[in-house]
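# Observations on the model geometry
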Amino acid sequence: MLIVVLFAAVTAFAGLFSLPPLDRDEARFAQATAQMLESGDFITIRFQDAERNKKPAGIYWLQAASVASLSDVTAREIWAYRIPSMIGVVLAALFTFLAGARLYDLRTGLLAGLLLVSAPVVAAEGTIAKTDGVLLALICLAQLAFVEVYARVQTAEKTGWWWPVIFWAAHGAGALVKGPIGPMVSLMTGLGLTTGTPRFKWIAALRPVAGVLILVLMVAPWAFAIWQATEGRFFTDAVGGDMLGKVGDAQEGHVGPPGYHFALVWLLFWPAAALIVSGVLNAWKQRTDWRARFLLSWLIPAWIVFEIAATKLPHYVMPLYPALAIIAAHGAVSAIRPAWAEKLGALIYAGIGLAAAAIIALAPIYFSAAPLTLTCFTAAAITGAAALFIARLFWRGRGFAGGVAASVLAALYAWTLLTMVLPGLSQLAVSPRLSTALEMADRHPLHDDLAPAALAGYSEPSAIFLLGTQTMLGSGADAAARLKTGAASVAVVEAREEGAFLAQLDGVPTASLAVIDGLNYSNGKDVRLTLYILAP
């Protein structure tokens, strides 16, 4: 257990301090949390003046507690907002270890925990201030409790109250973090379990009446408060607009065909890529065993739901990765594995490993003003060579050793990418460079007691988070008018708005503090920001 926790903590720590605020979701969450701390209103969720009626308040409360304890809202230190996500993925690895050990043995649990937390998507979510790292921990805890109850039903033992209470409390907390996703995963698991025996006895063992009472006691106070604060708009927007809208229509361009998540799992769950085929085949052969049936019920029904939903993002199926991790780990520990599946997995793993190494080498060439450094080249070469060596372990049937080595390499890759490569991509760091330029000129609205900044043609949430809640958005003409009247201390004007800005100035003398060129990775467009102040 200690090995899993320490390994998870080290892996999840990658990028915590080095990555700047990311657009768009992370910066939106962090800015809404900052506004809670600034206003003292911990019920209504806002992004500047607009209500943010998408997710419940749980994640904002956790982030606010972290910032209040470890930092200060005016400092805008993004790492303090990321602590709940980091803790979440560490706990998810721990709960996955416990579930794997309960279902099979300690070796299965150990490997499953290592595979989960070192998966690129999980390591990334552990260093991003969003809901998904915390949600993963709560779903893993609920499913661990589900496993414990279901196991006792299989052996006709008394289930007691402890694990059912944990099950429902985890879902109550999950509902406060991301609404119905957690309960949906357990519901889909339950539907899968109805294909086995006992068909329905486990339902009573979960104490559903008491469970509903626990959910009501946990969720209803905030639900009533947000209903009153927004006059019901939160539920109209969150349920009708955000949740149901994602099922029928692809929101914000996040579209993908059925099979989208299946195609990505090999990349996003890279350390387990060599073990997935043999693990799933092994679990399917053992599907009459209640343990394999539980894992397949956790994995398959909810996966189908995510595949048919119109809106798709790579991390949506992450709550199903713990089941896949245990399946892959058990397949690695099992003595019976098809030779063709082992060799196919080894080839898949090697191919992805070489692609991962190429990212280390090529990303700085395209997105950084600095040339390719010897450090990046060396890290890429070591990553590629190590991936080939580990693929050879898989090819020779050494699944457990290969899985452990693959987990270690994936953790090192997370550190390389999140602490060395991505922070150095200066062309993508438009908002951080903007904030730094204002700091150097003693013109930062948050730290120099000045009027807010006016942004024209550039409105990324990371800029608002770094420059402050009062940052003003608008056209070039709006920015010029605000600068002339003193409502803004600095105008940040994107090249496309510069003509309107200069025309509105009508000859008022200004000075340029800096020019920032880069790529807005949120929309794929080049940007050129000029920072204007009134001439002395």
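Notes on the structure follow. (Residues numbered from 1 in each chain as written. Predicted model: local features only at pLDDT ≥ 70, side-chain atom pairs only at ≥ 80, totals over all residues. Heavy atoms only, no water.)

On to the overall build of the protein chain, then. Each helix and strand counted, the protein chain has 23 helices and seven strands in total. Against the globule reference of 24 Å for 536 residues, the protein chain gives a C-alpha radius of gyration of 25 Å, in line with a compact fold. Structurally, the protein chain occupies a C-alpha span of about 85 × 60 × 40 Å along its principal axes. When each of the 536 residues of the protein chain is scored for burial, the buried share is 56%. Considering only residue pairs separated by 6 or more positions, the protein chain has 75% of its internal contacts joining residues 24 or more positions apart. Accessible surface, the protein chain: about 21600 Å² in total, of which carbon and sulfur atoms supply 67%. Taken as two groups, the 36 positive and 34 negative side-chain charges of the protein chain have centres that lie 15 Å from each other. (Helix = DSSP H or I, 4+ residues; strand = E, 2+ residues; numbered from the N terminus. Rg over C-alpha atoms; globule rule 2.2 N^0.38 Å. Buried < 20%, exposed > 50% of the residue type's maximum accessible area, 1.4 Å probe, protein only. Contact = heavy atoms within 4.5 Å. Areas by Shrake-Rupley, 256 points an atom, 1.4 Å probe, with all protein chains shown as cover. Lys, Arg positive; Asp, Glu negative; His and termini not counted. Charge placed at Lys NZ, Arg CZ, Asp CG, Glu CD.)

The next point concerns unusual backbone geometry. Cis geometry is adopted by the peptide bond preceding R24, which originates at D23 and carries an omega value of -5°. Along the chain, the position of R24 falls in the loop between α1 (2–12) and α2 (25–39). Here the bond from T197 into P198 is cis, since omega is -5°, no more than 30 degrees from zero. Secondary-structure assignment places P198 in the loop between α9 (181–193) and α10 (201–205). Even without being a glycine, R76 presents a positive backbone phi close to 50°. Within the secondary structure, R76 is located in the loop between α3 (58–70) and α4 (78–103). Classification of R76 by relative accessible area gives buried; the value is 5%. In the Ramachandran plot, A156 falls in the positive-phi region, its phi being about 60° despite a non-glycine side chain. Residue position: A156 is located in the loop between α7 (132–154) and α8 (162–178).

In this section: the side chain of E342. Mapped onto the secondary structure, E342 falls in helix α17 (residues 339–367). Residue E342 is classed as buried on the basis of its relative accessible area, which comes to 13%.

For the rest of this paragraph, the subject is the nonpolar core. Ranked by size, the top nonpolar core spans 139 residues in total, and within it Y81, V122, F269, L320, Y321 and Y349 carry the most contacts. The element that contributes the greatest number of residues to this core is α7, accounting for 16 residues. Discounting chain neighbours no more than four positions away, the residues touching Y81 are A30, T33, A34, Q63, V67, V73, R76, A129 and F465. L455, V490, I516 and V527 belong to the second largest nonpolar core, which has 17 residues in total. (Core = buried A, V, L, I, M, F, W, Y, C linked by side-chain atoms within 4.5 Å.)

Another point: the packing of α7 against α9. Here α7 crosses α9 at 30°, and the two axes come no closer than 9 Å. When the interaxial angle is binned, α7 and α9 end up roughly parallel. Crossing hand, α7 versus α9: right-handed. Together, L135, I139, Q143, F146 and Y150 of α7 and I181, G182, V185, S186, T189, G190 and L193 of α9 make up the contact between the two elements. (Axes fitted to C-alpha atoms, helices over the stretch in contact; angles between N-to-C directions. Parallel < 35°, antiparallel > 145°, perpendicular 65-115°, else oblique. Left-handed = near helix turned anticlockwise from the far one by under 90°.)

Our next topic: the pairing of strand β3 (residues 453–456). Judged by which residues are buried, β3 turns out to be covered on both faces: A453 and L455 on one side and A454 and A456 on the other are all buried. Note that β3 and strand β5 (residues 490–494) share four bridges and pair parallel. Bridged to L455 within β5 is V492. Here β3 pairs with strand β4 (residues 472–474) via three bridges, running parallel. (Pairing = 2+ DSSP bridges.)

A word on the environment of G518. Looking at the secondary structure, you find G518 in strand β6 (residues 510–520). Overall, G518 belongs to the buried group, its relative accessible area being 5%. Each C-alpha atom of the pair G518 and A175 lies 39 Å from the other, and the pair is 343 residues apart in sequence. Those residues within four positions of G518 in sequence are excluded, and the remaining contacts are Q427, V430, R433, K525, D526 and V527.

For helix α22 (residues 476–485), the set of buried residues is G476, A479, A480 and L483. Within α22, the buried residues cover an arc of 100° as seen down the axis, which keeps them to one side. Where α22 is buried, its residues contact β3, β4, β5, α23 (498–505), β6 and β7 (525–534). (Arc of directions from axis to C-beta.)

Along the chain, the position of S118 falls in helix α5 (residues 106–118). From its side chain, S118 meets the backbone oxygen of L114 in a polar contact 2.7 Å long. Apart from residues lying up to four places away in sequence, S118 is in contact with F7, T11, P271, S407, A410 and A411. (Polar contact = N/O pair within 3.5 Å; in protein donor to acceptor, adjacent residues only side chain to side chain.)

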